[in-house]
Amino acid sequence: MTDNDAPLRPSTHQPVDLPGLRISGLGLQYGTRAIFTDLDLTVQGGEFVVLLGTSGVGKSSLLKIVAGLTRASAGTVTATDGLPLAGRIAYMGQQDLLYPWLTVIENVMLGARLRGERQEPDRARHLLERVSLQDRAKALPSELSGGMRQRVAIARTLYESHPFVLMDEPFSALDTFTRAQVQDLTAELLQDHTVLLITHDPLEACRIGHRLVVLTGHPARLGPPIEVPGPTPRAPDDEALLHIQGHLMRILMEGHGA
Ligand SMILES: Nc1ncnc2c1ncn2[C@@H]1O[C@H](COP(=O)(O)OP(=O)(O)OP(=O)(O)O)[C@@H](O)[C@H]1O
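Figured I'd write up the structure that's included with this text. The numbers attached to residues start from 1 for each chain and follow its sequence in the written order. Where local features are concerned, this predicted model is filtered to residues with pLDDT of at least 70; where side-chain atom pairs are given and counted, the filter is 80 or more; whole-chain, interface and lining totals use all residues. Excluding hydrogens and water, the side-chain values take into account all heavy atoms of the structure.

**Considerations on the pairing of strand β6 (residues 164-168)**
Each residue's exposure class comes from its accessible area (1.4 Å probe, protein chains only) as a fraction of the maximum for that residue type: buried when under 20%, exposed when over 50%, partly exposed otherwise. The numbering of helices and of strands both runs from the N terminus, where a helix is a DSSP run of H or I of at least 4 residues and a strand a run of E of at least 2. Burial within β6 is extensive, with 5 of its 5 residues counted as buried. In β6, alternate side chains face the same way, and those of Phe164, Leu166 and Asp168 on one face and Val165 and Met167 on the other are all buried. When DSSP finds two or more bridges between two strands, those strands count as paired. Examined bridge by bridge, strand β5 (residues 89-92) and β6 share 4 bridges and lie parallel to one another. Considered in β6, the bridge of Tyr91 is made with Leu166. Here β6 pairs with strand β7 (residues 194-198) via 5 bridges, running parallel. Residue pairing in the sheet places Phe164 in a bridge with Thr194 of β7.

Here's what the structure looks like:
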C-alpha cells in the first residue's frame, strides 16, 4: 500500500488489556521448497486481523504454526505479555468439527470434557443464548442447518475463554446471507479476543477485520497491513469498505499473476 492509499479515518480498534501475538522472521520450508520467508506481523491485544492470499500460498500453514500444530523452519511466534502461547489459543477450522453423537450443549463443553475438567452447563447455556441457540441445546448437530452449526462452533470457541482465536476460513461453507449473519455475530462476540482469521473473501475481510494483511509471491511475503476504518461489523455497502475491497482485489489478482 502506498501513502496515497492510507484510509482517511483511523480504524476503531483501541489497544486493550489483552495479550497480542508477535510473529517474527517466520519461515517455512517443505523439503527444498520455501513456502514463505521472513514474515513479521504483530496482532495487537484485542485486534481482529484478517489474512488473505491466493490458494496454496501458505495461509493455513502459517496459522498452524501460530497454533503450535506445525513447526516453523525459522523465526518465532510469541505472546506480547511474555507468557507461553500454549493452552491459550482457540482454533476454529473450515469444518465445524462437531461430534455428531453429542448434543449441542455437550459440543459447546467438549474441550472441558476432553481434558477431564468440570463442565459448566450454565455458562454453556449463556453462550448458546448469545448465538441465539438456547432452544436447541439438546439437539444433535444433524438436526441443525450449516449456519446453526457454525454458531455452535463459535459458542464452543468462546466457552474455552482463551485470549487468542485463530480461524481458518470458518464460514466458507455457508451461503451468502447466512455467512453475513455469522460474520456480524463473530465481529460482535470476539471483541475481547486477539483474532487472526483466514478468508478468501475480500468482502468478509473488509466487514470484520480491523487490519488486513495479504500473503503473496513464491516464496510468499506479507504485504503492508491495510487498515479498514470504522466499527465492525461494517455494512457491505459502506463506501470506505468498497474502496478497500477493490484495492484488495487488485493486490490479490496481481499476486495471483506473479
Ligand atoms: N505437510 C505438508 N507437506 C508438504 N507440503 C505441504 C504440506 N502442507 C501444505 N503443503 C504445501 O504448502 C503450500 C501451502 O499450503 P497451505 O495449505 O498453507 O496454503 P493455503 O494458502 O492455506 O491454501 P488454501 O487457500 O488453498 O487453503 C501448498 O503448496 C501445499 O501443497
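The rest of the description comes next.
**Considering the site of the ligand**
Residues in contact with the ligand amount to 13 residues; listed here are only the nearest, Arg33, Ser55, Lys59, Ser60 and Ser61. The definition of a polar contact used here is a pair of N or O atoms within 3.5 Å, where within protein one atom must be able to donate a hydrogen and the other to accept one, and adjacent residues in sequence count solely through side-chain atom pairs. Within the backbone of Gly58, one N or O atom sits 2.9 Å away from an oxygen atom of the ligand. One nitrogen or oxygen atom from the side chain of Lys59 is found 2.7 Å from an oxygen atom belonging to the ligand. Here the ligand, which alone exposes 630 Å², has 60% of that area covered by the protein. The cutoff for a nearby residue is simple: one of its non-hydrogen atoms must lie within 4 Å of the molecule or strand. To be clear on the numbers: accessible area is Shrake-Rupley with a 1.4 Å probe, and residue cover counts the displayed protein chains and nothing else.

**Quick look at unusual backbone geometry**
Look at the link from His218 to Pro219: it is a cis peptide, with omega at -10°. Among the structural elements, Pro219 can be located in the loop between β8 (211-216) and β9 (221-222). Geometrically, the link from Thr232 to Pro233 is a cis peptide bond, its omega value of -5° lying close to zero. Assignment of secondary structure puts Pro233 in the loop between β10 (226-227) and α8 (239-257). One non-glycine residue, Asp38, adopts positive backbone phi at about 50°. With respect to the helices and strands, the residue Asp38 is situated in strand β2 (residues 33-43). According to the relative accessible area criterion, Asp38 is partly exposed, its value standing at 47%. Of note in this structure, Glu169 is not a glycine but carries a positive phi near 45°. Relative to the helices and strands, Glu169 resides in the loop between β6 and α6 (176-189). Judged by relative accessible area, which is 13%, Glu169 ranks as buried.

In short, shape yes, function no, at least from these values alone.
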